[in-house]
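For reference, the chains in residue letters:
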Amino acid sequence: MNRNVSYVIAAGLAFAAAPAGAQSFATENPVLRRIWEEGTRNSQLERLGQALSDSIGPRLTASPGIRAGNQWLIDTYRSWGITARNEQYGTFRGWRRGYSHADLVQPRVRSLEGTMLAWSPGTNGPVTAPVVALPDFADQAAFEAWLPSIRGKLVAISMPQPTCRPDDNWKQFATDSSFARMKDARTAATAAWTARIQRTGVAARDLAPRLEQAGAAGVLTSLWSGGWGVDRIFNARTHQVPTFDLSCEDYGLVYRLAEHHQGPVVRLDAQSEELGELPVFNTIAEIRGSQKPNEYIVLSAHFDSWDGSSGSTDNGTGTITMMEALRILRTVYPNPKRTIVVGHWSGEEQGLNGSRAYVKDHPAVVNGLQALFNQDNGTGRVTSISMQGLTGAAGFMGKWLALVPSEIGKQITLDNPGVPSTGGSDYASFICAGAPAFGLSSLSWDYGAYTWHTTRDTYDKIVWDDVRNNAVLTAMLVYLASEEPQRVPRDRRTVFPVNTQTGQPFSWPACTDAARTTSQSTRM
């Protein structure tokens, strides 16, 4: 694929030699100096992160957790003297998670690591049942003939991994030939499993409901992330019986017992509660502009999460980055020229629904947008910003970044002009309309393998030095964008590189309407 031109922002401001977080800051701009001092000496990030991760916890859309979180956001902003409100954009399927336990009881006893998936039914008391593995059928007729045999049984429907060791562990210790054989075997097994599902005649997403309809007592799955001891937790497809995800290791154990006819019996005990179609909200905080109140800077981060863990880096870190940035600005820059808005979006994990609804409902903000800064890829410090296909944006972003401390700015690369995002995070809801919306892309910290939508996305994974970096950077960019005399231009690139996945050139994406009810969602 053709790469867009990139360049690194040069160092802007000098620091005396001192430990990180305590540098002597020399600049002629007193506001930038105060932002640095407030963000490093009086940071509230760890307090905010602990409350959000540990006390509020996961924030599944339309769950009691996100509703408590919405109120926490409002209470926190108001304690800082900042106006905040909850803005309903639709309704969604309400669900409350209770406890969930899984135990192997035959042929031996072992407590299994696992949890029911989001929106799964509970068990209405413990359910003890034998486990069967999905067989390799000759065709759909064989699958249909097999279905009556699963009544009252738990059905394992995921491919068992040949190894639960991450690839980097194999690469470190295995011989080259051994590593290659493992990868070849895994590739072949994955292809064979895909063919196995296809021969049932049922689409993969519809398999669990079909087993439920046939009388299965429950469904067992495993979605390994590729990291040590980490699974991804999404939503169940069943409506009457539980769907449990088991860890890579324990799923493999149960599957092998079933495959070798060694009589595995598993006991599930889970509670959940369907709450009906409930209102869902974006939480919006605002500092009104003193000179250009109808022009806007938006700080953007989705607030919802999956609920396999605490949602600490997806997207607790983005949430508290934007909160802290606004707190800093309220302290040192209380009368901005342009209106500063923070959007804490709901329903991002179900298709950017909260931000897409906001774009539709607030055309004045979209039309008056000077810049939007979105953060949603873990705990790492920001290292790159794409101009999202806006050909005139880099001159402004480059000028602003040249004024931030070299400690922050020297690591940041601009992708110019870049390609507009079609999804993935909430800035895509704005850039499709041609508004200047930018994602603050961060260092990995193995986000994809260990904390993105996983059972391990917890408070301890937050890297506080990097998040402080991001909060200070965001506050500075907002200040500089607010003070900028000119509007950021919206000129779009007209020549696009080829998308290697489709073989066709990229194009400017069309905006997509939000799903404002569960029935409108294609992801449930």
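What counts and what doesn't
Residues numbered from 1 in each chain as written. Predicted model: local features only at pLDDT ≥ 70, side-chain atom pairs only at ≥ 80, totals over all residues. Heavy atoms only, no water. Buried < 20%, exposed > 50% of the residue type's maximum accessible area, 1.4 Å probe, protein only. Helix = DSSP H or I, 4+ residues; strand = E, 2+ residues; numbered from the N terminus. Pairing = 2+ DSSP bridges. Axes fitted to C-alpha atoms, helices over the stretch in contact; angles between N-to-C directions. Parallel < 35°, antiparallel > 145°, perpendicular 65-115°, else oblique. Left-handed = near helix turned anticlockwise from the far one by under 90°. Contact = heavy atoms within 4.5 Å. Salt bridge = Lys/Arg side-chain N within 4 Å of Asp/Glu carboxyl O. Nonpolar A, V, L, I, M, F, W, Y, C, P; charged D, E, K, R; others polar. 1 Å grid on protein atoms, 1.4 Å probe; cavity = no way out; pocket = protein on both sides within 12 Å on 5 of 7 lines; lining within 4 Å. Points joined across faces, edges and corners; volume = space filled by probe spheres on them. Expected span 1.5 Å × (residues − 1).

**A look at the pairing of strand 16 (residues 413–416)**
- Residues Leu414 and Asn416 point to one face of strand 16 and are all buried, whereas Thr413 and Asp415, pointing to the other face, are not buried.
- Relative to strand 16, strand 15 (residues 382–386) runs parallel, the two being bridged by three bridges. Counterpart to Ser386 in the pairing with strand 16 is Asp415.

**Section: the packing of helix 3 (residues 64–79) against helix 9 (residues 312–332)**
- Between helix 3 and helix 9, the least distance of the axes is 11 Å, while the angle of their chain directions is 20 degrees. As far as their axial angle goes, helix 9 and helix 3 are roughly parallel. Here helix 3 runs over helix 9; the crossing is right-handed. For the pair helix 3 and helix 9, contact is made by Trp72, Leu73, Thr76 and Tyr77 and by Thr319, Met322, Met323 and Leu326, respectively.

**Topic: the pattern of salt bridges**
- Under the counting rule described, the total for this entry stands at 21 salt bridges.
- Of the charged contacts, one joins Glu295 and Arg487 as a salt bridge, the two residues approaching to 3.9 Å between their closest N and O atoms. Of the two residues, Glu295 sits in strand 12 (residues 292–302) while Arg487 sits in the segment after helix 16 (464–483), which places them 192 residues apart along the sequence.
- Assessed through its relative accessible area of 17%, Glu295 is described here as buried.
- What makes Arg487 partly exposed here is its relative accessible area of 31%.
- Residues joined by salt bridges that share partners form a network here, namely Glu38, Glu324 and Arg327.

**Description of the packing of helix 9 against helix 16**
- With their axes 8 Å apart at the nearest point, helix 9 and helix 16 run at an angle of 50 degrees to one another. Judged by the inter-axis angle, helix 9 sits oblique to helix 16. When the axes of helix 9 and helix 16 are compared, the crossing they make is right-handed. For the pair helix 9 and helix 16, the contacting residues are Thr317, Ile320, Thr321, Met322, Glu324, Ala325, Ile328 and Leu329 in the first and Trp464, Val467, Asn470, Ala471, Thr474, Ala475, Val478 and Tyr479 in the second.
- Looking at the contact of helix 9 with helix 16 residue by residue, the classes come out as 11 nonpolar, four polar and one charged.

**Regarding empty space enclosed by the protein**
- Summed over the entire model, instances satisfying the criterion amount to one cavity of 30 Å³ or more.
- Empty space within the largest cavity amounts to approximately 70 Å³.
- Along the walls of the largest cavity sit 14 residues, with Trp306, Gly311, His453, Thr454 and Asp457 positioned nearest its centre.

**Digging into the pairing of strand 15**
- Most of strand 15 sits inside the fold, with four of its five residues counted as buried.
- Looking at chain direction, strand 15 and strand 17 (residues 437–442) are connected through three bridges and run antiparallel. Looking at the pairing, Ile385 lines up with Leu440 of strand 17.

**What to know about helix 3**
- In this model, helix 3 (16 residues) spans 23 Å end to end at C-alpha, consistent with the 22 Å of a helix rising 1.5 Å per residue.
- Where helix 3 is buried, its residues touch helix 2 (45–56), strand 4 (83–106), strand 11 (265–287), helix 9 and strand 13 (338–345).
- Among the residues trailing helix 3, Gly81 stands out with phi positive, at a value near 80 degrees.

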